[in-house]
Structures are given as structure tokens and as C-alpha cells.
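Structure assessment
Below, each chain spelled out in residue letters.
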Amino acid sequence: MHVMMFLSGTGALVFEVVWFSQIGLIVGNSVWSAALVVGAFMAGLALGNGLAVWLARRWANLVRGYATVEAVAALSGGAVVLLFPYLPALFQPLLAPLLGEAVALNSVRLAIAFALMVVPATALGTSLPLLSKPLEQASGNYAFALGSLYGMNTLGAVAGTLLAEFALIPLLGLRGSGMVAMACNLTAVVIALRASRLPAFAGAPAEPAPRAAMPPAAWRVVAAAFLAGGALLALEVVWFRFLLLFQTGTTLMFAVMLAVVLSGIALGGIAASAWSRAGWQPAAAARLAAAAAVIALVAGYAGFPAAYRFLLPRLPYDSVSLVLALSAFLMAPVCLFSGALFTALGDQLRHTGMDAPTATGVVTLANTLGAMAGSLLAAFALLPALGMEASFFGLACAYAALLMAVPGAGRSALWRFAPAAAAVAALAAFPFGYMKGIYYASAENRFGGRLLQAREGMVQTTFYLVNEFQGEPEHYTLATNSYSMSGTASHNTRYMRLFAYLPAAFHPRIESALVICFGVGVTASAVADLPDVKRIDIVDVSRDILEMSDIVYPEPRRHPLRDPRASIHLEDGRFFLQQTARRYDLITGEPPPPKIAGVASLYTREYFQLLHDRLNPGGLATYWLPTSEMRAADALAIIRAFCDVFDDCSLWYGFGTEWVLMGSRGGIAPVSERQFSRLWSAQRARDQLRLIAVETPEQLLAQFMADAAVLKQLSGSALPLVDDYPRRLSPERRASRSEGLFAWLAQAGESRARFEASRWLAGIVPQAMLARSSALFEERGMLEDALSPFMRRADYSYWDDMASLLRRPDRFAWKAWLLDSNPRKLEIAAGKDPADPLVAEQQAIGALAAGRRTAAVTREQFAALTPKGQVATVLRHCVAGERGRARSLIAWIPRERRGDAPYRDFLAWAGRAC
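To start, this report covers the structure provided alongside it. (Residues numbered from 1 in each chain as written. Predicted model: local features only at pLDDT ≥ 70, side-chain atom pairs only at ≥ 80, totals over all residues. Heavy atoms only, no water.)

**Concerning a nonpolar patch on the surface**
A contiguous nonpolar patch, built from Leu 162, Phe 166, Val 320 and Leu 324 and spanning about 310 Å² of accessible area, is present on the exposed surface. Residue position: Phe 166 is located in helix H7 (residues 142-195). For Phe 166, a relative accessible area of 45% puts it in the partly exposed group. (Patch = residues over 30% accessible without salt bridge, like charges linked within 9 Å, V, L, I, M, F, W, Y side chains within 5 Å. Areas by Shrake-Rupley, 256 points an atom, 1.4 Å probe, with all protein chains shown as cover. Salt bridge = Lys/Arg side-chain N within 4 Å of Asp/Glu carboxyl O. Helix = DSSP H or I, 4+ residues; strand = E, 2+ residues; numbered from the N terminus. Buried < 20%, exposed > 50% of the residue type's maximum accessible area, 1.4 Å probe, protein only.)

**Side note on the nonpolar core**
Within the largest apolar cluster, 119 residues are counted, with the highest numbers of intra-cluster contacts made by Phe 506, Phe 608 and Trp 652. Of all hydrophobic cores here, the second largest spans 110 residues; its members include Ala 291, Leu 382, Phe 392 and Ala 398. (Core = buried A, V, L, I, M, F, W, Y, C linked by side-chain atoms within 4.5 Å.)

**Description of helix H36 (residues 867-879)**
Note: α-helices contain 3.6 residues per turn, so residues at a spacing of three or four share the same orientation. With 13 residues, H36 extends 18 Å from end C-alpha to end C-alpha; this agrees with the ideal 18 Å at 1.5 Å per step. Summarising burial for H36: 11 of the 13 residues are buried, a large majority. Of all the positions in H36, only Gly 869, Gln 870, Val 871, Ala 872, Thr 873, Val 874, Leu 875, Arg 876, His 877, Cys 878 and Val 879 are classed as buried. Where H36 is buried, its residues contact helix H31 (798-806), helix H34 (837-850), helix H35 (859-864), helix H37 (883-891) and helix H38 (903-913). Downstream of H36 by one or two residues, Gly 881 has phi in the positive range, about 85°. (Expected span 1.5 Å × (residues − 1). Contact = heavy atoms within 4.5 Å.)

**What about the sheet that holds strand E2 (residues 461-469)?**
Read across the open sheet, the four strands follow the order E1-E2-E3-E4; overall the sheet is antiparallel. Unpaired on one side and paired on the other, strand E1 (450-456) and strand E4 (483-487) mark the two borders of the sheet. Going across the sheet, the axis of each strand differs from the next one's by a mean of 25°, ignoring polarity. Strand direction decides the pairing type here: E2 and strand E3 (residues 472-480), joined by eight bridges, are antiparallel. Across the sheet, the residue bridging to Asn 467 is His 475, located in E3. (Pairing = 2+ DSSP bridges. Axes fitted to C-alpha atoms, helices over the stretch in contact; angles between N-to-C directions.)

**Some remarks on the sheet that holds strand E6 (residues 535-540)**
One open sheet holds the eight strands; their spatial order is E7-E6-E5-E8-E9-E11-E10-E12, and the pairing between them is mixed. Two strands bound the open sheet, and with one partner strand each, they are strand E7 (566-570) and strand E12 (704-706). Recorded for the sheet is a direction-independent mean angle of 20° between the axes of neighbouring strands. In this structure, E6 lies alongside E7, joined through five bridges in parallel fashion. Across the sheet, residue Ile 538 finds its bridge partner in E7, namely Ile 568.

**Description of the layout of surface pockets**
The volume enclosed by the second largest pocket comes to roughly 870 Å³. Thr 488, Arg 497, Val 552, Gln 688 and Arg 824 are the residues nearest the centre of the second largest pocket, which is lined by 23 residues in total. Those elements giving two or more residues to the lining of the second largest pocket turn out to be E3, helix H16 (493-506), helix H17 (522-529), helix H23 (683-691) and helix H33 (823-830). Considered class by class, the residues forming the lining of the second largest pocket number 10 nonpolar, six polar and seven charged. (1 Å grid on protein atoms, 1.4 Å probe; cavity = no way out; pocket = protein on both sides within 12 Å on 5 of 7 lines; lining within 4 Å. Points joined across faces, edges and corners; volume = space filled by probe spheres on them. Nonpolar A, V, L, I, M, F, W, Y, C, P; charged D, E, K, R; others polar.)

**A short note on the packing of aromatic side chains**
Both the distance between ring centres and the angle between the ring planes are used here to describe each pair of aromatic rings. Within this structure, the stated rule accounts for 46 aromatic pairs. A centroid spacing of 5.2 Å and a plane angle of 90° characterise the contact between Phe 506 and Phe 676, whose relative ring orientation is edge-to-face. With Phe 506 in helix H16 and Phe 676 in helix H22 (residues 673-676), this pair connects stretches of sequence that are 170 residues apart. Just as Phe 506 is buried, Phe 676 falls in that class too. A ring pair is formed by Phe 655 and Trp 817, whose centres lie 5.5 Å apart and whose planes are at 80°; its orientation type is edge-to-face. (Phe/Tyr/Trp six-rings, centres within 6.5 Å; stacked < 30°, edge-to-face > 60°.)

**Quick look at the state of the cysteines**
Applying the stated criterion across every chain yields a total of two disulfides. A sulfur-sulfur distance of 2.1 Å marks the disulfide that ties Cys 643 to Cys 649. With the S-S dihedral at roughly 105°, the linkage between Cys 643 and Cys 649 falls on the right-handed side. Each member of the pair, Cys 643 as well as Cys 649, is classed as buried. (Disulfide = S-S within 2.5 Å.)

**Remarks on the packing of helix H27 (residues 748-757) against helix H30 (residues 777-787)**
Where H27 contacts H30, the axes come no closer than 8 Å and their chain directions differ by 150°. When the axis of H27 is compared with that of H30, the two are roughly antiparallel. Note on packing geometry: the crossing formed by H27 with H30 is right-handed. Within the contact between the two elements, H27 uses Ala 748, Ser 751, Arg 752 and Phe 755 and H30 uses Phe 777, Arg 780, Gly 781 and Glu 784. (Parallel < 35°, antiparallel > 145°, perpendicular 65-115°, else oblique. Left-handed = near helix turned anticlockwise from the far one by under 90°.)

**Considering empty space enclosed by the protein**
In the structure shown here, the tally under the stated rule is four cavities of 30 Å³ or more. Roughly 80 Å³ of volume is contained in the second largest cavity. Split into classes, the residues belonging to the lining of the second largest cavity amount to seven nonpolar, two polar and three charged.

**What to know about the pairing of strand E10 (residues 650-655)**
A large share of E10 lies buried, amounting to six of its six residues. Here E10 runs beside strand E11 (residues 658-664); their pairing, made up of five bridges, is antiparallel. What sits directly across from Ser 650, in E11, is Met 662. Counting the residues in the hairpin turn of E10 and E11 gives two residues, including Gly 656, whose phi is positive at 60°.

**Describing unusual backbone geometry**
Among all residues save glycine, negative phi is the norm, and among peptide bonds the norm is trans. That bond from Ala 901 to Pro 902 is cis: its omega, 5°, falls within 30 degrees of zero. By the secondary structure assignment, Pro 902 is in the loop between H37 and H38. We note that Asp 318 has phi near 65°; this positive angle belongs to a residue other than glycine. Along the chain, Asp 318 turns up in the loop between helix H10 (282-311) and helix H11 (320-330).

**Examining the side chain of Asp 540**
Within the fold, Asp 540 resides in strand E6. Here Phe 518 takes part through its backbone nitrogen, which lies 2.7 Å from a polar atom of the side chain of Asp 540. (Polar contact = N/O pair within 3.5 Å; in protein donor to acceptor, adjacent residues only side chain to side chain.)

**Considering the environment of Arg 583**
With respect to the secondary-structure elements, Arg 583 resides in the loop between helix H19 (573-579) and strand E8 (584-589). When its relative accessible area of 35% is taken as the criterion, Arg 583 is described as partly exposed. Taking the C-alpha atoms as reference points, Arg 583 and Ala 60, separated by 523 residues in sequence, lie 61 Å from one another. Of the polar contacts made by the side chain of Arg 583, one reaches the backbone oxygen of Ala 581; its length is 3.2 Å.

This is the structure in C-alpha cells:
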């Protein structure tokens, strides 16, 4: 019987993972959609809990009855999995007319999710109540039967969670995993049918007629069970959000955290079943478990900083071992006591005169309804209204209230008052202020800069930070949870702006654009710069990110969300594409990286097909390929998916390891030099192009990396990333940057060879432009060599490259980056007092980058400069051919400091060149 429940739990969790992934592709992956899917699943379980009470009074052989409902769960669950490919088209006519109507749309989403899961979820919800009576008869102990069955079922869920993440979905995909889940449940059916023939389970004696109404004590137990389910599921939501402040939210991390929660619950139920055999008082046990949960919750939150400081140096960051240790410390004790609490409450109900199936059905029904309410309450009320810290305290109070709701507590005053006193003492010791004093403050160390604003919303915890120079904003960073998601740092904005400027050069007239995922708004701002744009649709799931963008754009006239051409859609981007009837000349955006949980569906072949189908003929799509977080196989899976949809796919250099995929619907028509160069005639676009080091149209063409012929050959043997196989991306978020493929693709010399051999470019770009662009790959190589060591050529000399570039009258941003500065920092320094050494340093770099001739500095002025400022000053005279002056300045550098950075390498070069 325990084997049956283990298999049932395994199959149920694999089904749950598959269903949630599949249904999310129909109703969207917004916070509302996810909550509605969870709610629909739990509603089905609750319906099954109640149905089991009715069935138990009509079936003589409950083991055979269990086999029946388990077979229903297996077959109906498998049918949902197999039918899924046909469901999006089936439900599209229902959903599309409601796009933008939140209440009506969410109602239909809930109805769809419930309709898909109601039969298998209801069947799964009947299993525990039906088997509790046969095992009670066999063991003679109801609490043992309930706790052991509950524990084994939950241990099976642990196995299902880990099996799905580590093996099934990577190897078999979602549909194949669903078939394994069905096989687990059907195996449980076979075991149950064989067991049902045993004399102990062949029939059941009649139970006494149920009471007309539950006594008051039973109602108090039901209320306690409701509170227990609500508090634990709400805690799970808050715990997961809290741990995401310290670990990246990949699917692997979520699977490990969920496994820890389920393991704690399972072991708690099994421990309680053993305790019951030693002779316990269920009321006293329930109160002890509730009080222990309060203490463990407070202690876990209070002790977490010390645990994190202890574990971080000993375990790799973002590793399974670290997230396992942190999860076990924070969550496992509370879950252990919660599992014991559930068993004790069920035993109390049994002692009120209910039969075993009724007691089990009622306690599971109350617990499941509480869990459904708790998960929704945490996501939509507690976190956005109170934040994590107050939510932890409030849920500790809920466990304390639960303790008081439990009727009876034994004959001893100790059992009546000691647990309550311990819980109150723990609540009094709650460490208020940790969130802002410790965890928010640590964001500055993790992301850099000064924290401007933190918001705990429904979707994520969002941080905005600013890096300042001389009291003025140099750049902003947007971080969500523990991940630096986007920012306005000068060189990082380059690829985000190229998402818009690159297709605008090739397209004859972009009038309508769709931006999916707003980020810090750099891409949306670049789209707004395009001269012909008449409509911009901006889609994002996070209201917080949209509202907090006022930090970056304090002037409404420069805020892309305030642009009169912009329409804002608070929705999942993929769902919007599925339902909208609009067509666009350009689709682009700032999506999160693909290894964040739930984001892989924005990089699959099916998603790229949606992009293609929502383009006008000749329209263009651009997409981010963040190779710094990938292995070569990951990148090839995405490239293959993109190129399977876009026949003319191409790859372009953004900055470092941030690249841009581009494709069209129907091909790109040949462009004239005048048409390709239009952006450089528009003031706003030209200014921004200069700041991202694309001062001429030829420089834009020199960002080319590969065309469709090369990309399809490279990815031809790779399996594409598709909806059914989301784990074709490796689970690790960071990969080595020394991947040979990445170096070969990005190196300027190799890119130039592919550029000159590209028949695709030759057919759409004037030959004169191609010829002028070919020589500019050398400049791109200078930046790669300086900032990306894994692409550095063998004969690389930074100072030779720097001197060569500095002799050009333009390339201001290029020079600033190579000199370890940026245009914004130089702009700030230009208006400041040079008496400050850091200002003087940046002014020296600015003069060097701009090629300005300035008056010679005195020895005192030179001595007041920082080492970087002194190097820039010497280099300016060296490049200008003033070698005598350069040698004089070098002589002013103290000999004892010439071996320090940054003097050492520079002086060795200057001795030869100057």
C-alpha cells in the first residue's frame, strides 16, 4: 500500500510539472495566470478530497476503488498531455477577444485551467482518504495509517520533482515525461488490483451512521487544518521569494527548493506515524508541532544571515549544494513540524467519532482549501502589501493562532500552556529590521552602486540602483531578486539599442513596432528614436518594472512609456503574441536570460514562429543571444530554433558576449546606400549611435558575425529548443567564456572573412558600402581584444591598438571604453572642478578621446593627477607626436612607482613608441 502511494505521488508531481508548463503556454506565464493554474489544480484536489468521503460509503472494497480513481487520474492526465499541441488553437477564439479585459480574461483562464485539470486532479485527491481505512484495519492505528500514507505519498512527490527536473524532461520532453507519470500511476493501479484480492482488503465492515453534524471540537480541528495548509503554502511562496535574493531562480533551483519542502513534510508525517504507535495524545502533539513551527520559522529567519555567511565560502555560488543547504536550514524544520501537525489533526478528527475515510477526507479538504487560499494570499496580498519580513511574522502568528484553535491539550497544565508560551516568546524575539538592514543593503554589494528603491511586488523583488560619479548618475542597474537584469551602462546599452537600429537600417520604413519585455527601457527608447514609427506596443508582465522606470527617465518627454505613440500591455509577451491580431514591421525587446525559470518558452522554435507570424511582409525581428551564460550547445539550440523559422537568420555583434539574432518575414529587399544611412540623418538616433560607437553606417555593417548559410551549417546537427523540450538548455547559468565556437564566431578577423564571403549581404547591400565596411572590422577587434581575453589574438598589444585608434579624429565612445571610461562619465567630468584628482583624470581621458590639444601641465599639476590620469596625459602627447614632452612627463613619475599598475606595461610600451 505504501508502494502504491509512493508511485501515486511520483506520478502526480511529474504530471503537475508537465501540466503547469503546458497550460502556461495556453493561458500565459504572468503572475495571474500562474496563480489561477495553481488555484485550479488545488480546487480539483479539494473536490477529490470531498468526493472520497461519498465514494467510501458506497464501495465495499476501497483498495479496488482506489485502483479505479488512480486509473482515471492516469488516463485523463495522460490525455491532457497528449492533446496539448492542439489546445492553443482550440482556446484562441475564447481568449483573443478578451485581450486587455483583465477580469473577463482571468475568469476564462481559470475556467480553462480548471477544465483541463479537474478530472485528473479530482481523481488524485481521492487517493489518501480511500486508502486510510484499509490501512487502519490492517495496522489497528489510524494515525499510523494517515501519517505513513501521507508521508510515503509526499516522498513520492519528492522523487517526482527531482526525476522530472534531472532526467525525464531533459531526456523525454514534457509529453514523454507525462507518459512516465501515467505509467507510475498505472503501476500503482496494478498493485492495488492485486492487493484488493487479499482477504484483509476484500471487503469492509459497515461503519456506524455518520453524525448529523460535526461537534464544535471537530470544527475547531477543521479550522486548524485550514490554517495549517494556508500558512505552509503561503510560507512556501514567501520562502521561495526570499531565497531568490541569494540564488538565481532557475528551474533547477526551484526543483531543489520544492524537494526540500516536500521532504520535510513527508518525514514529519512518517515521524508522527511512529510517534502515534508509541502512544500519543493527538491534541498535545498538534499543539507541540504548531509551537515548534513558530519557533523554527522565527529561528530560521533570524539565523539565516549567519548560515549564509558560513556556507557561501564553502559551497559554490548558484550550485545545487548551496541552495540545498540554504533551503534545508530555512525551510526543512517548519515543514517537518507541519507534516506532523497534519497527522495529529487528522487523528483528532478520527477521535470525534468520524470514520477513517471521512476524517481523512475532511482534514485533507480543509488543508487543501487552506493551501489554495494561502498561496493566493501570499502572492497577491502579503508580499506586495507587507513585504517578506512582515509576511514571515504574520505567518508565524498564523501558526500561533492555529495552536490556540486546537481543542484540548491533555490533562497537564504544562501541555496546555507551555507550547503557547514558547510560541509567544518566539514571536517576541522576531528580528524586525533584517530585511532593510541586512538583505536590502547586501544588494549594493551584489549589484554595485547605491540602492535607490526596492519593491516587493507580485512578480518579483525589484531593485533599482545607481552608480554615481561626482554626485551625478552615471548609470542605473535594474535587478530582480538576485539577478542583475538590465542597466544603462554605456557599453551594455549598445546591444539593446542595436535591437532597434540594426533592423531600421535594413527596413524601408518601420511604422509599427512591438517591444516584448521593457527592462530599463533602452530598447523601447531606441524604437522611439526611429523616424517613421507611428505605433509602439510595449508588453511586460511586471507592473513594478514599468512604474519604477521613472527613476531612469525623470523627464516625461524622454520616457518611452510616455511617448504618445506607445501603448502599454501588462501581459505575458508570448500570450500577447498568441492572441493579438496586430501585425508589425519590427518585433524586438529586452527578454530575461533563457535559463531563468519560465523564460525558456521565450526562446523556443514555437515562440519564434509567433514572432514570424505577427510580422508584416518584409518585417524584421531581432532577439538577444546572451552567450556569457551558455555552453556552445545551448547557443546552437537557440540558433537552430531561430533559423528553423527565419530563413535569412543572421548574427550580429552587440558587445562582448551579448549578440543579436535578426530575421525577416519573406526576406530583406536590396537597400540603397541612402536608405541604409537614414538613421544618421535623424538627430536623436545619430546622437545615440555615436554614444554606442556606431558613428557611421559602415560601422554598423562591421558588427556582422554570420549569415544564414553559416548559422544553419553550424546548428544543423543541433536539436532545436522547442516547447516540448525546454531542458535542452543546460541547467547551469554560467558557462566558460572560453568556448571555441564563441571565440570563432565573435573574433573580428573571422567575422570579416565571413562578411566578405556572404552572398546574402552582397545581394542586399551596395558593394561600395561593403568594401568600406570591411576595413572597420579591425576596430571591432581592438575592443574585443581589450575587453574579452578569450578572443584575444596571440600578438595582441593593447597600447599599440590604443595609439592606432587615438590617431583617428572620431570614434569617441570606442576610445572612452578602451580607456576604461565612458561617454557619460566624461560628460559629467567636463563640467566639474579639475582640482578633484578623479575629475582631472576623466578630463585628461576626455581630451585624449576627443583628440583635443590642450596646454602642457606643470609638474605640480601632473603630480596631482591619479595614475590613470598621468598615463592618459603622457599618451596624449605621445600620440600627438610630442615625444620630448612625453618623455619629460615620464621622468616626473617616481621611479619607485613605475612597477605599479597601470604604469608598468604602459611605460614599457612608451619606451619603444615615444
